[in-house]
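One-letter residues, chain by chain:
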Amino acid sequence: FPAPLPEAPRLLPPGGLAGEIARHRAAVDSVLQELALRRAAARPGSEAAEILGALVELARDAELRDEMEGRIRRGLDAVAATLGAGRELAEGFATLDDPYLRARAEDLRSVARQIALTLLGQSDAALEDVPQGAILLAEELAAWDLARVPPGRLAGIVCRQGGATSHLAIMARAQGIPAVLACPASPEALQATRRVALDGGNGVVQLDPDAASEAALSRRIAEERAARAALQRWRDAPSVTRDGRAIEIAANLGALAEIEAAQAAGAEGVGLFRSEFLFMARRTPPGEQEQFEVYDALARAFAPHPVVVRTLDIGGDKPVAGIDIPHEENPFLGWRGLRLCLERPDIFRPQLRALLRAAVRGNLRVMLPMVVEPEEVRQTRALIEQCRAELAAEGVPHGDFALGIMVETPAAALLADELAREVAFFSVGTNDLTQYVMAADRMNPRVARLNRPDHPAVLRAIGAVCRAARAAGIPVAVCGEAAARPELIPALVELGVTELSMSPASILRARQCVAGLGAAG
């Protein structure tokens, strides 16, 4: 529970501006150096390395630095200018609908605080010395802070602030640390407690629990460990039903840092890589080279298994800094996904060029989102051929990839027979397909009972897609949340789904479920 930093502005004399800007730049350079050292110490490709890299990029961000220095030029001291600019930019992220973008507010506050502490010659608590097996209680903890704790040292984390999509939550999950964020306990209650019972899976925190509560939680911990250990025998087992049908089980990923978890679970490749996350975690779109390095790393990590990259899937509900998207009354039915990319070749072409370059690995596939008609696929193919010709003329090594589509609109499901003649594979996005088929916003709790992927209308749509795919001789995957639900897997396999793609944590249980399916599915 760090003490708040002084934000009361101290006005500078005109002659002191240059010196204050120089002092601020030195503090930023010091923070960058410390971040770079921590990133270098992290395991390459790990969650910590990726997230610390994102913090380095944020600390270098020209817009953030210009905003801070602009306030200094207006006469504010460096500490007040830094904290004020960080707070204002963080508030802008915090108001966005997308939870991943909202979580970036935490990063902005963290970087601004570290710069301010450096200016003040202060530092936060030394987390490097936290005792073995401790549960850390805090008002707010940043990824920066967790990176300072030696791996394997913490038994748990409880914070009054934060959310499931924050970098802290991502790092905690990757390290297997139970964490409860946005805990409603008061600061006084947390500071007074001496023992904590923590259930990260269900978000339950008990402060100074009695003996009965401790015993009950200990039993649950033992049961969970036994269940996880039992699932490990499915890691290298074939994903085949009892009657011999092979069902590929792949991972849904959003960052290179998630590769290790997918490999540990025995993922047979990547069924969905959400490329939009490369764009969301920054203030300007990534260039061709940066994208190529990510796609190439993915392909290398899972070779010879296939890696499916979904092209940029953004819109009014998933805004990206640096890409102007006008306000829409209903962004789910608006300018998004492939229709946006086809109208913005300045964004789409660098991504397609990067994908063609990464395709030299031989296992890369590309998937188009929000398709509603065959002409969109044909337009994309024409753009791909233009990019291929450019790379050839430039002498840049490149390859070819199988092109598929997300089936997530009723139009795509109804035109599946025509679309199957244009593409190499289908992947059903059950999250969006369900809300479009059922006309039920998945974010609206009042219609949640209708937003069910097991509804007969949704299953009939998936069945029609599978029949069209089978007739065309192409595979069909499911990469929405339904793919990981054991009670739905039998129905999906019986309909003709040949691949299931899900979060790494769900893979072992899904493989166990597939192995138990009989001749009747």
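The preceding data block contains the structure.
Please read these numbers as outputs of a predicted model, since none were measured by experiment.

**Things to note about the overall build of the chain**
When its secondary structure is counted, the chain shows 22 helices and 13 strands. Here the chain has a C-alpha radius of gyration of 25 Å; the compact-globule value for 521 residues is 24 Å, and the two agree. Based on the C-alpha atoms only, the size of the chain along its principal axes is roughly 75 × 65 × 45 Å. Out of the 521 residues belonging to the chain, those deemed buried represent 51%. At a minimum sequence separation of 6, the contacts of the chain that also span at least 24 residues come to 63%. Counting every atom, the chain has about 23400 Å² of accessible surface; 53% of that belongs to carbon and sulfur.

**Some points on the sheet that holds strand 3 (residues 179-180)**
As summarised here, the arrangement of the three strands in space is 1-2-3, forming an open sheet in which the pairing is parallel. Edge positions in the open sheet fall to strand 1 (134-138) and strand 3, since each of these has one partner strand only. Where strand 1 lies against strand 2 (residues 154-159), five bridges are found, and the strand directions are parallel. Across the sheet, residue alanine 138 finds its bridge partner in strand 2, namely cysteine 159.

**Concerning the pattern of salt bridges**
Following the criterion strictly, the structure yields 29 salt bridges and no others. Notably, a salt bridge pairs arginine 353 with glutamate 390, separated by 3.0 Å at the nearest N-O pair. Of this pair, arginine 353 sits in helix 15 (residues 345-358) while glutamate 390 sits in helix 16 (residues 374-394), placing them 37 residues apart in sequence. For arginine 353, a relative accessible area of 11% puts it in the buried group. Through salt bridges with shared partners, one network takes in Glu288, Arg349, Arg353, Arg357, Glu390 and Glu394.

**Things to note about the packing of aromatic side chains**
Scanning the model with the defined rule gives zero aromatic pairs in all. Sitting above the plane of the phenylalanine 292 ring, arginine 357 keeps its charged end 4.2 Å from the centroid. Sitting over the face of the ring of phenylalanine 425, arginine 365 holds its NZ or CZ atom 6.0 Å from the ring centroid.

**With respect to the environment of arginine 113**
Assignment of secondary structure puts arginine 113 in helix 6 (residues 104-120). Arginine 113 sits in the buried class, given a relative accessible area of 19%. Residues arginine 113 and alanine 246, 133 residues apart in the sequence, show an inter-C-alpha distance of 52 Å.

**Notes on the sheet that holds strand 9 (residues 364-368)**
Strand order in this closed barrel of eight strands is 6-7-8-9-10-11-12-13, and the pairing throughout is parallel. Adjacent strand axes in the sheet meet at a mean angle of 25 degrees, parallel and antiparallel pairs treated alike. Where strand 11 (residues 425-428) and strand 12 (residues 476-478) come together, three bridges link them in parallel fashion. Residue pairing in the sheet places valine 428 in a bridge with valine 478 of strand 12.

**Focus: the pairing of strand 6 (residues 248-253)**
Taken across its six residues, strand 6 has five buried, putting it largely inside the fold. Across four bridges, strand 6 lies against strand 13 (residues 499-502) in parallel orientation. Within strand 13, the residue paired with glutamate 248 across the bridge is glutamate 499. Pairing geometry for strand 6 and strand 7 (residues 270-274), over three bridges, is parallel. Each bridged residue has a counterpart across the sheet, and for leucine 253 the counterpart in strand 7 is phenylalanine 273. For the crossover that starts at strand 6, traverses helix 11 (residues 259-264) and ends in the parallel strand 7, the hand is right-handed.

**Things to note about the side chain of aspartate 199**
Within the secondary structure, aspartate 199 sits in strand 4 (residues 196-199). A polar atom in the side chain of aspartate 199 sits 2.8 Å from the side chain of arginine 220.

**Some words on helix 15**
Between the first and last C-alpha of helix 15 there are 19 Å, a value that for 14 residues agrees with the 20 Å anticipated at 1.5 Å per step. In terms of burial, helix 15 is largely enclosed, as 10 of its 14 residues are buried. Those residues of helix 15 that sit buried are Ile347, Phe348, Gln351, Leu352, Arg353, Ala354, Leu355, Leu356, Arg357 and Ala358.

Conventions used here
Residues numbered from 1 in each chain as written. Predicted model: local features only at pLDDT ≥ 70, side-chain atom pairs only at ≥ 80, totals over all residues. Heavy atoms only, no water. Helix = DSSP H or I, 4+ residues; strand = E, 2+ residues; numbered from the N terminus. Rg over C-alpha atoms; globule rule 2.2 N^0.38 Å. Buried < 20%, exposed > 50% of the residue type's maximum accessible area, 1.4 Å probe, protein only. Contact = heavy atoms within 4.5 Å. Areas by Shrake-Rupley, 256 points an atom, 1.4 Å probe, with all protein chains shown as cover. Pairing = 2+ DSSP bridges. Salt bridge = Lys/Arg side-chain N within 4 Å of Asp/Glu carboxyl O. Phe/Tyr/Trp six-rings, centres within 6.5 Å; stacked < 30°, edge-to-face > 60°. Lys NZ or Arg CZ within 6 Å of the ring centre and 35° of its normal. Axes fitted to C-alpha atoms, helices over the stretch in contact; angles between N-to-C directions. Right-handed = clockwise from strand over helix to strand, strands pointing away. Polar contact = N/O pair within 3.5 Å; in protein donor to acceptor, adjacent residues only side chain to side chain. Expected span 1.5 Å × (residues − 1).

The values are spatial; any link to function lies outside them.
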